[in-house]
Every structure is written in C-alpha cells, then in structure tokens.
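# Observations on the model geometry
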Amino acid sequence: MNGNLARQATSCLVGHAPMLDEYFSIKLEKKTARNRKGEEVESLRLTGLPVLLEGHAPQPHALPLFLLRLATKVDWTEESPCFRGICRELAWFYSELPWGEDCDEKRGDNGEERAAGDGKGKAVSLLDDEAKRHVRHVLFPAFGHLLVPPKEFADDGTVTRLADLHSLYKVFERC
C-alpha cells in the first residue's frame, strides 16, 4: 500500500513539475536508472527549493512529509485553490524549526511536544538552543523588516502596535 501511495504521489508531482518550477521554484527532475537487478527504474529527484527568507532553510526531516502533502493535500483542479494549497504546504514546510538531540528528550515517543512543565511547577523549554538562536537572529529580524500585516489585523487584534518610531521621536524631542 505505501509503495502504491508513493507511486501515485510521484506521478502527481511529475505531472505538475513544470508549473511548480515556473511559479514556485520547486525543481523536480525525473531520472531513469538501473536497479540491482538491472531493470530500468524511474525516480523523481528534488533539485531545487525556493529561498523564502535569506538565512532560513527548511528542515530536512520535514521533506518527505512536505512532498507527500504537496501531492495529496493540494487541489490541483482549479488555479486559485491550487496556488493557495501550494503556498500553505510551503509555509508548513518552512515553518519547521531546527531541533537537536536535547530537544528530542522534551518530545514524547511519537514526536509530539510534551507540556511546557516538568510536573514540579518548573517551566521546560520546548526549543533547544539552536532553535532559539535561529528564531532570535533570523526570524525576528525578518519579521521587523519584512512583515506588513493587513490593516484588518490591527482592527481585530491579531497584531498590536507596541511602539511607533515617529511617536517616540516626539517624546524624546520634548525632553
């Protein structure tokens, strides 16, 4: 059953490879090689991904699920839902934070994150030092420079303005 799903997903991605490359810079190449028995076998290789944010790369552990979800969760029949679905899967893929071995200890057996407490009233961080550095030095600076939320976000409370540089200058001019 898994082999059949893999073949169907590969077939789907092969069929949409030109569009994925042209619009999203997701480069897929079909290769033919011989297996150990000497039979010709076709394979699909991912050879390129878009650079969404300089200094931030998607995590390799999330790649198989990204490709499977790209093939199975995207509505390929209509343009707008298709583009929205591809963007959603790219966002999911790139939102995975790096995690190391010390972060594995804080995860359950099935990879789910445990509660943020150790049972003794002490908070346990779910991010390791590498992930914290990445968030602090790559993602937060990018949010400050690149994030331009829609005006509706301010109205509905999704985003709150903490400070306005122009207003801060006025305060300091009075001092």
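This write-up is about the structure you can find in this document. The written sequence of each chain sets the order in which its residues are numbered from 1. Note on the predicted model: pLDDT of at least 70 is required for a residue's local features to be given, and 80 or more for side-chain atom pairs to be given and counted; whole-chain, interface and lining totals, by contrast, use all residues. As a convention, hydrogens and water are excluded, and side-chain values are obtained from all of the structure's heavy atoms.

### Structural notes on the packing of aromatic side chains
Two rings from Phe, Tyr or Trp (for Trp, the six-membered ring) form a pair when their centres are within 6.5 Å of each other. A pair whose planes differ by under 30 degrees is stacked, one over 60 is edge-to-face, and the rest are tilted. Here the structure, examined in full by the defined rule, presents five aromatic pairs. Between F24 and F83 the ring centres are 5.6 Å apart and the planes differ by 85 degrees, which places this aromatic pair in the edge-to-face class. With F24 in helix α1 (residues 2-24) and F83 in helix α3 (residues 79-95), this pair connects stretches of sequence that are 59 residues apart. Ring geometry for F140 and F143: centres 5.9 Å apart, planes at 50 degrees, overall tilted. Residue F140 and its partner F143 are located together in helix α5 (residues 129-146), separated by three residues, close to a single helical turn. Following the ring pairs from residue to residue traces out a cluster consisting of Y23, F24 and F83. Working rule: Lys NZ or Arg CZ, within 6 Å of ring centre, within 35 degrees of ring normal, means a charge sits over the ring. One residue, R69, lies across the ring of W92, its end atom 5.5 Å from the ring centre. For the purposes of this entry, the term helix denotes a DSSP run of H or I that reaches at least four residues, the term strand denotes a run of E that reaches at least two, and both are numbered from the N terminus.

### Focus on the pattern of salt bridges
By convention in these notes, a salt bridge is any Lys or Arg side-chain nitrogen within 4 Å of a carboxyl oxygen on Asp or Glu. Applying the stated criterion across every chain, the model contains four salt bridges. A salt bridge links K27 to D21, with the shortest nitrogen-to-oxygen separation between them at 2.8 Å. Each residue is placed in one exposure class: buried if its accessible area under a 1.4 Å probe, protein chains only, is under 20% of its type's maximum, exposed if it is over 50%, and partly exposed if it falls in between. The exposure class of K27 is partly exposed, given its relative accessible area of 37%. Note on D21: relative accessible area 32%, which makes it partly exposed. A salt bridge links E29 to K31, with the shortest nitrogen-to-oxygen separation between them at 3.5 Å. Looking at K31, the relative accessible area reads 31%, which means it is partly exposed.

### Digging into the side chain of H56
When you line up the elements, H56 lands in the loop between β2 (40-48) and α2 (63-72). In the analysis that follows, any N or O atom pair within 3.5 Å is treated as a polar contact, provided that within protein one partner can donate a hydrogen and the other can accept it, and provided that, for residues neighboring in sequence, both atoms belong to side chains. Reaching out from H56, the side chain makes a polar contact with the backbone oxygen of Y94 at a distance of 2.6 Å. In this description, contact between two residues means that some pair of their heavy atoms is separated by no more than 4.5 Å. When near neighbours in sequence (up to four residues on either side) are disregarded, H56 contacts Y94, E96, H134, V138 and L139.

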